[in-house]
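Coordinate analysis (summary)
Chain by chain, the residues:
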Amino acid sequence: MDTNLSSYTRLPDQPTAAPNRRPVKAIAGIFLSILLLSSLVAFILNNGPRDAPNNVPKSQVLPETWMPPSRGVEQGVSEKAFREYSGMDPEYNWTNTMLAWQRTAFHFQPQKNWMNDPNAPLFHMGWYHIWYQYNPDSAIWGNITWGHAVSTDLIHWLHLPIAMVPDHWFDSNGVWTGSATLLPDGQIVILYTGDTDDYVQVQNLAYPANLSDPLLLDLVKYEGNPIMVPPPGIGMKDFRDPTTAWVGPDGKWRVAIGSKVNTTGITLVYQTTNFTSYELLEGVMHAVPGTGMWECVDFYPVSTTGRNGLDTSVNGPGIKHVLKASLDDEKKDFYALGTYDTINDKWTPDDPELDVGVGLRVDYGKYYASKTFYDHNKQRRILWGWIGETDSEYDDLMKGWASVQTIPRTVVFDVKTGTNILQWPVEEVEELRRNSIEFNGVELAPGSIVPLNIRSATQLDITATFEVDKEALEGVLEVDVGYNCSTAGAGVRGALGPFGLIVLADHSLFELTPVYFYISKDVGGGYKTFFCADEIRSSLALEVNKKVHGGMVPVLDGEKLTMRLLVDHSIVESFAQGGRTVITSRIYPTKAVDGAARAFLFNNATGVSVTASLTVWEMKSAYIKPYPFDDI
Ligand code: DQQ
């Protein structure tokens, strides 16, 4: 590791800044250009680049009334096209280089075409398996099959042949989302939703033809399918996505399925002893009015005392249960911690105000349809999530692909706060780290920006700590109660924020994606900390949807502010306070690509200086290729 001093500076015209702890020699390394950038930061973050992005080519102007067609809704599933874009803006004239650059280097994605939800993740005979919703014919949703890939470390992946296609009446309109259950005798049971030939959502059973095949290449669909059909009172198109099964104290297996009644999102529970016949349990496991259809429900225990993950059937003292639902209406994943009553099969949230769909998000960014599995190989629970697109469908067709999966994350209960889970990239991703650079004690005066002198900025793992000058913090009188990431942005200055990192920026900051903390002070003198990612100036392309994502992050007394960012071309996964709050950004730079991409530290607060220390690693590319059948 080497320490890079030359990229550090602080503004000379900030009299309130705390004394610089750097040696005088380091000051000598200040670049004039950095000073110029520093004085521009507040202006740029507030007002955008100096020249308006009027250089957007207009060669592909579409008719004003053009609107991407809806995908999925007709078939009774949530909207799969990104449709917030009205079609009124000119499409950006992407070059092949820009589009090719958007493909990630260490995130899982198929070689081409459309992907959505992760399905049935599991570990078997030395291999991690991921199946996923996949259209083998196009970069748009439709003709949904199960794609399949395997890995020995959750990072390097080998693509396998498609595992299931819509070839029976009970799934001819789509082999939709499902989960796997490993039975104590070694069998693997897969339950999935089929969209039938007349568009009814049913649950089907499939299983590996040959358990001694580590690659599980052949999945067999049970001839008695479907094994569950929508029960009375449930809409034919509101019954989908079976969970991994768990065993109750009576020795019977349970499976949860998402649905709705009017606008109330619900979780139904079925009981089975043989996985071919099922009994619907009375009532619902849980319901939340106003949350609409629950897709991709996930239900699992977390230990309140240990750091290991728990197998899905584990219950008893020192255990809470996470209930997660993907809200069809909002396209967001929400979760809550609560208690599972195994006798009555009911789940109760710890805090009704933080119930599923109204409280905590799994990830505050572009993220949906997540699913966990218990990795008995390393005694951990691992979370997968689907990162969709926010460009136009037209752009996706030009790219020839759409969607990426997150880096798998471990999930544990946060024993310090007791109110949330912690998500953290699996340790295996650290094997891709190389060429680390450390920046220690970088002083960020109010209104400053500091370029990070790193060789390359498109594949990074960054861990950063920010310390706010305590006296200044306490001395600030400004009260800022109404703060909210999505209504503000990195350009909205408060006394105590925003400050953090800027990634995927070009050198003149035409394009930039700031990821930052913002501390708001309430009338009683208390603080709330927000963690946000501002995509508003992440791309000059007008058709791309750009938002400010984020939410509150618990910070306990005596804790420093910490963040970790995984930057992989067009994806930024950001974790605050060890994974209490997570934001995934899918962004589409036009300038900040390849060697032109830069990273910066910034402090756009008006009232405090911040000291940052960070380590930046370049990340190698993962090996994600077709399985080498021919070489065997
Ligand atoms: N995706 C699947 C459905 C699920 C939805 C269809 C969530 O089973 O409800 O591709 O994205």
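All figures in this text were calculated on a predicted structure; none of them were measured in a lab. (Residues numbered from 1 in each chain as written. Predicted model: local features only at pLDDT ≥ 70, side-chain atom pairs only at ≥ 80, totals over all residues. Heavy atoms only, no water.)

1. Re the overall build of the protein
Applicable threshold: Secondary structure elements follow DSSP: runs of H or I of four or more residues count as helices, runs of E of two or more count as strands, with numbering from the N terminus. For this analysis, residues touch if any pair of their heavy atoms sits within 4.5 Å. In this description, accessible areas are obtained by the Shrake-Rupley approach with a 1.4 Å probe, and a residue is regarded as covered only by the protein chains that are shown.
Helix and strand content of the protein: five helices and 39 strands. In the protein, 66% of the contacts between residues at least 6 apart in sequence involve partners at least 24 apart. Of the roughly 23,200 Å² of accessible surface on the protein, 53% is carried by carbon and sulfur atoms.

2. Some remarks on the site of the ligand
Here is the rule: Here a residue is near a molecule or strand as soon as one of its heavy atoms is found within 4 Å of it. Any pair of N or O atoms that falls within 3.5 Å is considered a polar contact. Within protein, one atom must be able to donate a hydrogen and the other to accept it, and sequence-neighbouring residues count only if both atoms are side-chain atoms.
For the ligand, the set of nearby residues contains 14 residues, the closest of which are K80, D117, Q133, R240 and D241. One nitrogen or oxygen atom from the side chain of N116 is found 3.0 Å from an oxygen atom belonging to the ligand. At 3.1 Å, a side-chain N or O of W141 approaches an oxygen atom of the ligand. With the chains in place, 100% of the 310 Å² that the ligand exposes on its own is no longer accessible. When residues of the shell around the ligand are traced back to their parent elements, those giving at least two are β2 (113-124), β6 (175-182) and β16 (294-303).

3. Overview of the packing of aromatic side chains
Note the threshold: Note on aromatic contacts: the rings of Phe and Tyr and the six-membered ring of Trp form a pair at centre separations within 6.5 Å, being stacked when their planes are under 30 degrees apart, edge-to-face when over 60 apart, and tilted otherwise. Burial classes: relative accessible area under 20% of the type maximum marks a residue as buried, over 50% as exposed, and values in between as partly exposed (1.4 Å probe, protein chains only). The rule is short: NZ of Lys or CZ of Arg within 6 Å of the ring centre and within 35 degrees of the ring normal puts a charge over the ring.
Applying the stated criterion to the full structure yields 28 aromatic pairs. Taken together, a centroid distance of 6.0 Å and an interplanar angle of 50° make the contact between W141 and W176 tilted. In this pair, W141 is assigned in the loop between β3 (127-135) and β4 (145-151) and W176 in strand β6, connecting sequence segments 35 residues apart. For W176, a relative accessible area of 2% translates into the label buried. An aromatic cluster of three or more residues is present, and its members are F108, Y132, Y134, W157 and W384. Cation over ring: R433 sits above W617, and NZ or CZ is 3.6 Å from the ring centre. Looking at K625, its charged tip hangs above the ring of Y623, at a distance of 4.6 Å from the centre.

4. So, the state of the cysteines
Formally: The definition used for a disulfide is geometric: two cysteine sulfur atoms within 2.5 Å.
For the structure on display, the rule yields one disulfide. Each sulfur of the disulfide joining C485 and C532 lies 2.1 Å from the other. Residues C485 and C532 are joined through a disulfide that is left-handed, its torsion about the S-S bond being -70°. Taken together, the positions of C485 in the loop between α5 (470-475) and β30 (499-505) and C532 in strand β32 (residues 527-534) put the pair 47 residues apart, joining distant regions of the chain.

5. Considering the sheet that holds β30
Let me state the cut-off plainly: What makes two strands pair is DSSP finding at least two bridges between them. Each axis is a line fitted through C-alpha atoms, and for a helix only the stretch in contact is used; angles between axes span 0 to 180 degrees, taken between their N-to-C directions.
Pairing is antiparallel in the open sheet, where six strands are placed in the order β28-β37-β30-β31-β32-β33. Looking at the sheet topology across the chains shown, the edges are occupied by β28 (448-451) and β33 (548-552). Strand-to-strand twist across the sheet, computed as the mean angle between neighbouring axes with direction ignored, equals 20°. Direction of pairing for β32 relative to β33: antiparallel, over a ladder of five bridges. Pairing of F531 across the sheet is with G551, part of β33.

6. Some details on the pairing of strand β35 (residues 571-576)
Of all six residues making up β35, six are buried, and the element is well covered by its neighbours. Burial of the side chains of β35 extends over both faces: I571, E573 and F575 are buried on one face and V572, S574 and A576 on the other. With six bridges connecting them, strand β34 (residues 561-568) and β35 associate as antiparallel partners. In the strand pairing of β35, M563 is matched with A576.

7. Let's talk about the environment of F170
On the secondary structure map, F170 appears in the loop between β5 (157-164) and β6. In sequence terms F170 and D197 are 27 residues apart; their C-alpha atoms lie 6.6 Å from each other. When near neighbours in sequence (up to four residues on either side) are disregarded, F170 contacts Y192, G194, D195, T196, V202, N204, K221, Y222, N225 and P226.

8. A short note on the environment of I519
Assignment of secondary structure puts I519 in strand β31 (residues 513-521). As a C-alpha pair, I519 and V468 span 51 residues in sequence and 9.9 Å in three-dimensional space.

9. Considerations on the sheet that holds strand β8 (residues 201-208)
Taking strand neighbours across the sheet as the criterion, the four strands line up as β6-β7-β8-β9 in an open arrangement whose pairing is antiparallel. Of all the strands in the sheet, just β6 and β9 (219-221) have a single pairing partner and so form its edges. On average, each strand axis in the sheet is tilted by 30° relative to the strand beside it, whichever way the strands run. With six bridges connecting them, strand β7 (residues 188-195) and β8 associate as antiparallel partners. Looking at the pairing, T193 lines up with Q203 of β8.

10. Focus: the nonpolar core
Note the cut-off: The definition of a nonpolar core used throughout is a set of buried Ala, Val, Leu, Ile, Met, Phe, Trp, Tyr and Cys residues joined through side-chain atoms within 4.5 Å. All domain edges in this entry derive from an automatic or database-based domain assignment.
Counting residues in hydrophobic clusters, the biggest one holds 59 residues, and the most contacted among them are F466, L501, F517, M563, L565, L601 and L614. A per-element tally of this core places strand β29 (residues 459-468) first, with five residues. Residue assignment places this core across two domains, with domain 1 (112-425) and domain 2 (434-619) each supplying three or more. The residues contacting M563, other than those within four sequence positions of it, are I462, T463, A464, F466, G500, L501, V515, Y516, F517, F531, F575 and A576.

11. Topic: a nonpolar patch on the surface
Our working definition: Patches in this entry comprise residues that are over 30% relatively accessible and not in a salt bridge; like charges within 9 Å are linked, as are nonpolar side chains (Val, Leu, Ile, Met, Phe, Trp, Tyr) within 5 Å. Salt bridges are defined as contacts in which a side-chain nitrogen from Lys or Arg sits within 4 Å of a carboxyl oxygen from Asp or Glu.
A cluster of nonpolar side chains, V479, V481 and V523, forms an exposed patch at the surface whose accessible area comes to about 300 Å². Looking at the element boundaries, V523 is found in the loop between β31 and β32.

12. Points about the pairing of strand β36 (residues 581-586)
β36 sits mainly inside the fold: six of its six residues count as buried. The side-chain alternation of β36 yields two buried faces, one formed by T581, I583 and S585 and the other by V582, T584 and R586. Where β35 meets β36, six bridges bridge the pair, whose relative direction is antiparallel. Across the sheet, the residue bridging to V572 is S585, located in β36.

13. With respect to the pattern of salt bridges
Taken as a whole and judged by the stated rule, the model has 31 salt bridges. R564 is the partner of E430 in a salt bridge, and the nearest nitrogen-oxygen pair spans 4.0 Å. Taken together, the positions of E430 in the loop between β26 (421-425) and β27 (433-444) and R564 in strand β34 put the pair 134 residues apart, joining distant regions of the chain. Here E430 falls in the partly exposed class, since its relative accessible area comes to 33%. Judged by relative accessible area, which is 1%, R564 ranks as buried. Within this structure, D375, K378, R380, E427 and E428 form a network of salt bridges that share partners.

14. A short note on the environment of K470
Mapping K470 onto the fold places it in helix α5. Note: C-alpha distance between K470 and V610 (140 residues apart in sequence) is 9.7 Å.

15. Here's the deal with the side chain of D534
This is how the line gets drawn: In this tally Asp and Glu are treated as negative and Lys and Arg as positive; neither His nor the chain ends contributes.
Note that D534 resides in strand β32. Buried D534, no salt bridge; nearest opposite-charge side chain is R537, N-O distance 5.3 Å. Looking at D534, its side chain comes within polar contact range of the main-chain nitrogen of I536, at 2.8 Å.

16. A few points about the confidence of the model for the protein
Convention followed: Each residue gets a pLDDT score, which is the predictor's confidence in that residue and runs from 0 to 100.
Of the residues in the protein, 88% have a pLDDT of 70 or more, and the chain-wide mean is 89. Within the model, pLDDT remains below 50 along residues 47-65, and this stretch shows 31 contacts once partners closer than five positions in the same chain are excluded.

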